[in-house]
Amino acid sequence: MANNNNNGDVKLIGAWPSPFVMRPRIALNIKSVEYEFLQEQFGSKSDLLLKSNPVHKKIPVLLHNDKPICESNIIVEYIDEVWSAGPSILPSDAHDRAVARFWAAYVDEKWFPNVRGAAAASSEEAKNAAVDQLKEGMALLEGAYVEISKGKDFFGGEKIGFIDIAFGSMLAWLRALQVMLGGVKLLDEEKTPGLCKWAAKFSADPAVKDVLPETEKIIEFAKLLVAKIKAAAASS
Amino acid sequence: MAKEIKLLGTWASPFSHRIELALKLKGLQFQYLEEDLSNKSQLLLQSNPVHKKIPVLIHNGNPISESLLIMEYIDETWQHQNPLLPKDPYGRAAARFWAKFIDEKVLWTAFKAYNDKGKEQEDAIEEFSQQLKFLEEELKGKEYFGGERFGFVDIASFFILQFLRVLQEVKEAELMTEEKYPVLFEWMEKLQGNEVVAGCLPPREKHVAYVRARRAAAEEAASKTKAA
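Below is a short write-up of the structure. These numbers were taken from a predicted model, which means no experiment stands behind them.

Reading the values: the criteria
- Residues numbered from 1 in each chain as written.
- Chains lettered and ligands numbered in written order.
- Predicted model: local features only at pLDDT ≥ 70, side-chain atom pairs only at ≥ 80, totals over all residues.
- Heavy atoms only, no water.
- Pairing = 2+ DSSP bridges.
- Helix = DSSP H or I, 4+ residues; strand = E, 2+ residues; numbered from the N terminus.
- Right-handed = clockwise from strand over helix to strand, strands pointing away.
- Contact = heavy atoms within 4.5 Å.
- Buried area = accessible area lost by both parts, 1.4 Å probe.
- Salt bridge = Lys/Arg side-chain N within 4 Å of Asp/Glu carboxyl O.
- Polar contact = N/O pair within 3.5 Å; in protein donor to acceptor, adjacent residues only side chain to side chain.
- Nonpolar A, V, L, I, M, F, W, Y, C, P; charged D, E, K, R; others polar.
- Axes fitted to C-alpha atoms, helices over the stretch in contact; angles between N-to-C directions.

Points about the pairing of strand E2 (residues 36-39) of chain A
Residues and elements named next belong to chain A.
Then comes step 1: Of the pairings in the sheet, the one linking strand E1 (residues 10-14) to E2 comprises four bridges and is parallel in character. Residue pairing across strands places Leu 12 opposite Phe 37, the latter belonging to E2.
Then comes step 2: You can see the chain leave E1, run along helix H1 (residues 19-30) and come back into E2, and the turn it takes is right-handed.

Examining the interface of chain A and chain B
Then comes step 1: The interface of chain A with chain B comprises 25 residues on the first partner and 25 residues on the second.
Then comes step 2: Together chain A and chain B conceal approximately 2300 Å² of surface at their shared face, both sides included; 67% is due to carbon and sulfur atoms.
Then comes step 3: When residues of chain A are sorted by the area they lose upon contact with chain B, Val 55, His 95 and Phe 102 of chain A head the list and together hold 24% of the total.
Then comes step 4: Remark: the boundary between chain A and chain B carries seven salt bridges.
Then comes step 5: Between Arg 96 of chain B and Glu 77 of chain A there is a salt bridge, and its shortest N-O distance comes to 3.3 Å.
Then comes step 6: Taken together, the connections running from chain A to chain B amount to nine residue pairs in polar contact (both at pLDDT 80 or more).
Then comes step 7: Among the secondary structure elements, those contributing two or more residues to the side of chain A that touches chain B are strand E4 (67-70), helix H3 (72-82) and helix H4 (94-119) of chain A.
Then comes step 8: With ten residues, the top contributor of residues to the side of chain A that touches chain B is H4 of chain A.
Then comes step 9: Residues belonging to the side of chain A that touches chain B are distributed by class as follows: 14 nonpolar, three polar and eight charged.

Focus: the sheet that holds strand E3 (residues 56-59) of chain B
Residue and element names in this part refer to chain B.
Then comes step 1: In spatial order, the strands read E2-E1-E3-E4; together these four strands make up an open sheet with mixed pairing. For this open sheet the edge positions go to strand E2 (31-34) and strand E4 (62-65), each flanked by a neighbour on one side alone. Averaged over all pairs of adjacent strands, the angle between strand axes in this sheet comes to 20 degrees, irrespective of strand direction.
Then comes step 2: Relative to E2, strand E1 (residues 5-9) runs parallel, the two sharing four bridges. Bridge pairing in E2 links Lys 6 to Gln 31.

What follows is the structure, encoded as structure tokens:
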């Protein structure tokens, strides 16, 4: 922290279980930028968070020399642009960048809501519908992976890039969900062989391995979170 | 030259208007293809198989979808005039943040505020009002969201807010008023007075009639579902 090579003061407000928080953590690791990780307490929001992200009141928030940057994928792009000397996260070609942003947005807008839907479903029907959507999404992402990686390990090619971070940050939750749903296969050796290989490589990457939590820890945390969601739904 | 750039859009969609304006600001020739959303073209379905939505930009045969992403693509590919995003990373992050806020929060909350009933509508009206206050605060003291010149956030938000004003007229609800949001209204007037920007807006009466018809159809379909 004291010796951050003129990177300025870098703080990240977040929490270890959040896949969205994992994204800037991985990005900062790729750039070898040290940062102070300010973890929020589960169930409450700090004054700093509320002041730094008054619009959404959500984590992650990057504070770079006390200036806040919010929204995980936007933070990752910011990190890539500021620390441009380090390994690049977004591709250099404009069309490839549009494709990368497209799939990162897809993960957030189409795929992830079904994770929440499946985990906190109030009926068997709702759960199955969410799982079906997730499986459809996995098939699409498998296709995207094959097309974009062009035979290399990652969506980003030889090294992890924007889509890898956006989707890879979901892996701990994805694995936990498979267990919590009684062995449902989202990463499927037969249906998504590319993603299975990719998931192993991504998880083992030096920028990732200390950030992605163990599946068991997420399962424990998920129980707390699901209880909270259900309580909120019951009281509204 | 014109064949290189195609825009698949619809005349009534604010997302489509964004791209028209971005292309015009860059001085680009393009072929505009009006889509019939009840009968989507093969080209649209091939170019955007995941979402099957407009707008889609096709440049040298390569399709790009999602209007904000298309705007970034346009800005990065044609850098010679009218930059849409600022150069500094913090300014870019802020611009992306506000544009995303419009698309993910403001638009959907506004729909509920204008179209829902009962408590859901009340809550949405409250939330919408708070969101407009955030925008008003962000704009205060500036000519445009982009600063001295209009840019990414201005383009992203202007057409959406204009669309919402059309919806407001159809629903006869006074949620966005000059009294409550004087800064936003002054900014909208400024942009309406800009020829290039105004040229991307459909005729007001036509837009109102269209949205009115769509709302009537949606409400009828909803009441049939309830009755069934």
